[in-house]
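Structural overview for review
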Amino acid sequence: MKKLLSFVCFLLCVSLLFSCGKKQDPNEYDHAADFTEEDGELYATVPTDRFGGATFRILNAKTGAISSKLDSESVNGDNLNEALFRRNSNVEERLDVNIEEERDTPENISDKARSACLAGDTSYSAVCNSSDRMATLAVSGYLVSSEYLTGVNLSKPWWNAEAIDATVVGTDKYFFYGDLQLSYYDAHSMVGVNMDMVEDINGISDPYELVKEGKWTLDEMLKMMRAAAYDVDGNGKLNTDDRYGAAVDSSSVLSLVIGCDTAMFSKNDVGMPQMDCLGNDKFYDVFTFISESFFQRQEYIYNVDLHQDEKISAGDMFAEGKSMFYITTVGSLYSLQSMEYEFGVLPMPKYTEYQKEYVSYLNPEKATAIGAISTGRNYLRTGIVLENLAAESHRESGLRDCYVDTVLSFRYVDDAKSRESLATVLETGTFDLGDIYGWGNIAQSVRSLAGDDDTFVSTISASELKTLSDIRETFQELESIRYE
């Protein structure tokens, strides 16, 4: 995904303020429907055809964010919506197709895709859903392998080749990540920081400088968290009226653990999945340290799970200025628009400064992927339409540029360092393979064990046989589909 997002750094540091911040009249959009020499050689090989006004219908899961939309019927003054409208209009005119989107909950979208395949329904061409649900559809034989989508060129920069390869089990690729479905970017884990609080507390480091120097680590974050903790009401009890270093809940544990460049599952040299969360000293050491430091009762941490009676979320604590840090995702920045405090964006901290790079965990329940439904029949048309949508999104001042600019349109955009940090977050997204395919329900077990590292080994060990059986079954299912 570094290849895909290499241009993001340039956008963030140089041209984002000009990419789509200024509203345009859709009739004055400076790109014609057809790619021209001015677009460059990259676009010269984008396939084209005329499909006689055929309908290209996409099933698409609602995630609650505008970035999850794949179609727009009209412009409404919102820059991202206008970019989406222009993108689809250009593709429709170029290919003579009619793009329609059917949106529903992730669960219902999966059910509709499954039902269409079982009934031989040819109404739908593609489906976009969370990565874990797309993996289930793939294993069940409801998605088409990329080898049948001859119009799709996954080596192009508008496709995220690294993310696609990271989620492949076996040899075939059934679901893809790229610029055409932007909610994938929403799923990148990050740390929000209250910069007003940082400036008010003497003696603590500038987190931006730590990031820049490669020294933004768990230890440094904990130092700042301890310095921030303060019994505001002076009653000697931890409650929502006090100030904390961070507010967390158990959903944050994988973001922290995987941010330390370790994983529950990985692939060996021949591409076979292996279980790393059992018998792996680094994973156990990382999990234990994070469990004890972030999820057990500490004066500098507000763990929502330990204060359920107070009915306040980690996000609310951060937004109200009661915690210095908030472990969250890029997509959550939309909900912080009205925050009264100056805040910044940081990557997940490293385990030690010797760790090569920062790592942003991608939650498969939030990171969307797109694939072609097996009963869509006209795979040639499906591939060409998907390729054109992705290429058009990648175009200068197109949908991707506008997405990044929209994410950066809140208070912290005045700080160029936050732009640079956000670029780091988006460049280092990482999936955990077992989390996507749900093997042994290990990911849920790890989340539930946050703060309870004493039973970690016994709990994970109890799931080992089931996990290995699940991996074997996934391979068998995918192999049987390949040779049908």
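Before reading on, note that the structure itself is shown above.
To keep things clear, this report deals only with the structure shown in the data block. Since we're looking at a predicted model, the values are computed, not measured.

**A look at the overall build of the protein chain**
Secondary structure summary: the protein chain contains 19 helices and 13 strands in total. Looking at the protein chain residue by residue over its 484 residues, the buried ones come to 57%. At a minimum sequence separation of 6, the contacts of the protein chain that also span at least 24 residues come to 78%. In the structure as shown, the protein chain presents an accessible area of about 20100 Å², 45% of it carried by carbon and sulfur atoms.

**Considering the sheet that holds strand S2 (residues 97-104)**
The four strands are arranged S2-S1-S3-S12 in an open sheet whose pairing can be described as mixed. Where the open sheet ends on each side, the last strands, each with one partner, are S2 and strand S12 (368-372). Here the average twist between neighbouring strands, direction ignored, is 20°. Pairing analysis gives five bridges linking strand S3 (residues 126-130) to S12, with the strands arranged antiparallel. Note on S12: the bridge partner recorded for Asn129 is Ala369. Its contacts with the sheet place helix H3 (residues 106-119) against strand S1 (54-61), S2 and S3, and it is angled at close to 125° to S2.

**A word on the pattern of salt bridges**
Scanning all chains against the criterion turns up 16 salt bridges. Notably, a salt bridge pairs Glu392 with Arg94, separated by 2.6 Å at the nearest N-O pair. Of this pair, Glu392 sits in helix H13 (residues 379-394) while Arg94 sits in helix H2 (residues 79-95), and the two are 298 residues apart along the sequence. Each of the two residues, Glu392 as well as Arg94, counts as buried. Connected through shared salt-bridge partners, Arg94, Glu392 and Arg395 make up one network.

**Concerning the side chain of Ser360**
Note that Ser360 resides in strand S11 (residues 360-361). What makes Ser360 buried here is its relative accessible area of 2%. Side-chain polar atoms of Ser360 contact the backbone oxygen of Ser189, separated by 2.8 Å. Sequence-distant contacts of Ser360, defined by excluding residues within four places in its chain, comprise His188, Ser189, Val425, Thr428, Gly429 and Thr430.

**Section: the sheet that holds strand S9 (residues 323-329)**
In spatial order, the strands read S8-S5-S9-S4-S10; together these five strands make up an open sheet with mixed pairing. Either end of the sheet is taken by a strand with one partner, and the two such strands are strand S8 (301-303) and strand S10 (343-346). Across the sheet, the mean angle separating the axes of adjacent strands is 25° when strand polarity is ignored.

**Remarks on the packing of aromatic side chains**
Tallied over the entire structure, the rule returns 18 aromatic pairs. Aromatic ring contacts, followed pair by pair, group Phe175, Tyr177, Tyr184, Tyr185 and Phe431 into a single cluster. Sitting over the ring of Phe35, Arg94 keeps its end group 3.9 Å from the ring centre. Sitting above the plane of the Tyr358 ring, Lys350 keeps its charged end 4.7 Å from the centroid.

**Examining the packing of helix H9 (residues 218-228) against helix H11 (residues 281-295)**
Axes are the key here: two packed helices are described by the angle between their axes and the distance separating the axes. Between H9 and H11, whose axes approach to 12 Å, the crossing angle comes to 10°. Overall, the two elements H9 and H11 adopt an arrangement that is roughly parallel. Two secondary-structure elements touch here, H9 through Leu218, Asp219, Met221, Leu222 and Met225 and H11 through Phe289, Ile290, Ser293 and Phe294. Taken together, the residues of the contact of H9 with H11 break down into seven nonpolar, one polar and one charged.

**Points about the side chain of Asn88**
Mapping Asn88 onto the fold places it in helix H2. Setting aside chain neighbours within four positions, we find Asn88 in contact with Leu70, Asp71, Ser72, Ile99 and Leu389.

**Structural notes on unusual backbone geometry**
Notably, Asp96 is not glycine yet its phi reads approximately 55°, a positive angle. Mapped onto the elements, Asp96 comes out in the loop between H2 and S2. The exposure class assigned to Asp96 is partly exposed, which follows from its relative accessible area of 27%.

**Some thoughts on H3**
The end-to-end C-alpha separation of H3 is 20 Å, in line with the 20 Å expected for 14 residues at 1.5 Å each. Inspection of H3 places Ile109, Ser110, Ala113, Ala116 and Cys117 among the buried residues, and these make up the whole buried set. Summarising the axial view, the buried residues of H3 lie within an arc of 130°, below the 170-degree limit, and thus occupy one face. Exposed side chains of H3 directed beyond 90 degrees from the buried face belong to Leu118 and Ala119. A positive backbone phi angle near 70° is found at Gly120, which sits one or two residues after H3.

**Describing the pairing of strand S4 (residues 189-194)**
Across the six residues of S4, six count as buried, placing the element largely inside the fold. Going residue by residue along S4, you find Ser189, Val191 and Val193 tucked away on one face and Met190, Gly192 and Asn194 tucked away on the opposite face as well. Taken together, the five bridges between S4 and S9 define a ladder with antiparallel strand orientation. Within S9, the residue paired with Val193 across the bridge is Phe325. Alignment of S4 against S10, held across four bridges, turns out to be antiparallel. Considered in S10, the bridge of Val191 is made with Leu346.

Here is what the cut-offs are and how they apply
Residues numbered from 1 in each chain as written. Predicted model: local features only at pLDDT ≥ 70, side-chain atom pairs only at ≥ 80, totals over all residues. Heavy atoms only, no water. Helix = DSSP H or I, 4+ residues; strand = E, 2+ residues; numbered from the N terminus. Buried < 20%, exposed > 50% of the residue type's maximum accessible area, 1.4 Å probe, protein only. Contact = heavy atoms within 4.5 Å. Areas by Shrake-Rupley, 256 points an atom, 1.4 Å probe, with all protein chains shown as cover. Pairing = 2+ DSSP bridges. Axes fitted to C-alpha atoms, helices over the stretch in contact; angles between N-to-C directions. Salt bridge = Lys/Arg side-chain N within 4 Å of Asp/Glu carboxyl O. Polar contact = N/O pair within 3.5 Å; in protein donor to acceptor, adjacent residues only side chain to side chain. Phe/Tyr/Trp six-rings, centres within 6.5 Å; stacked < 30°, edge-to-face > 60°. Lys NZ or Arg CZ within 6 Å of the ring centre and 35° of its normal. Parallel < 35°, antiparallel > 145°, perpendicular 65-115°, else oblique. Nonpolar A, V, L, I, M, F, W, Y, C, P; charged D, E, K, R; others polar. Expected span 1.5 Å × (residues − 1). Arc of directions from axis to C-beta.

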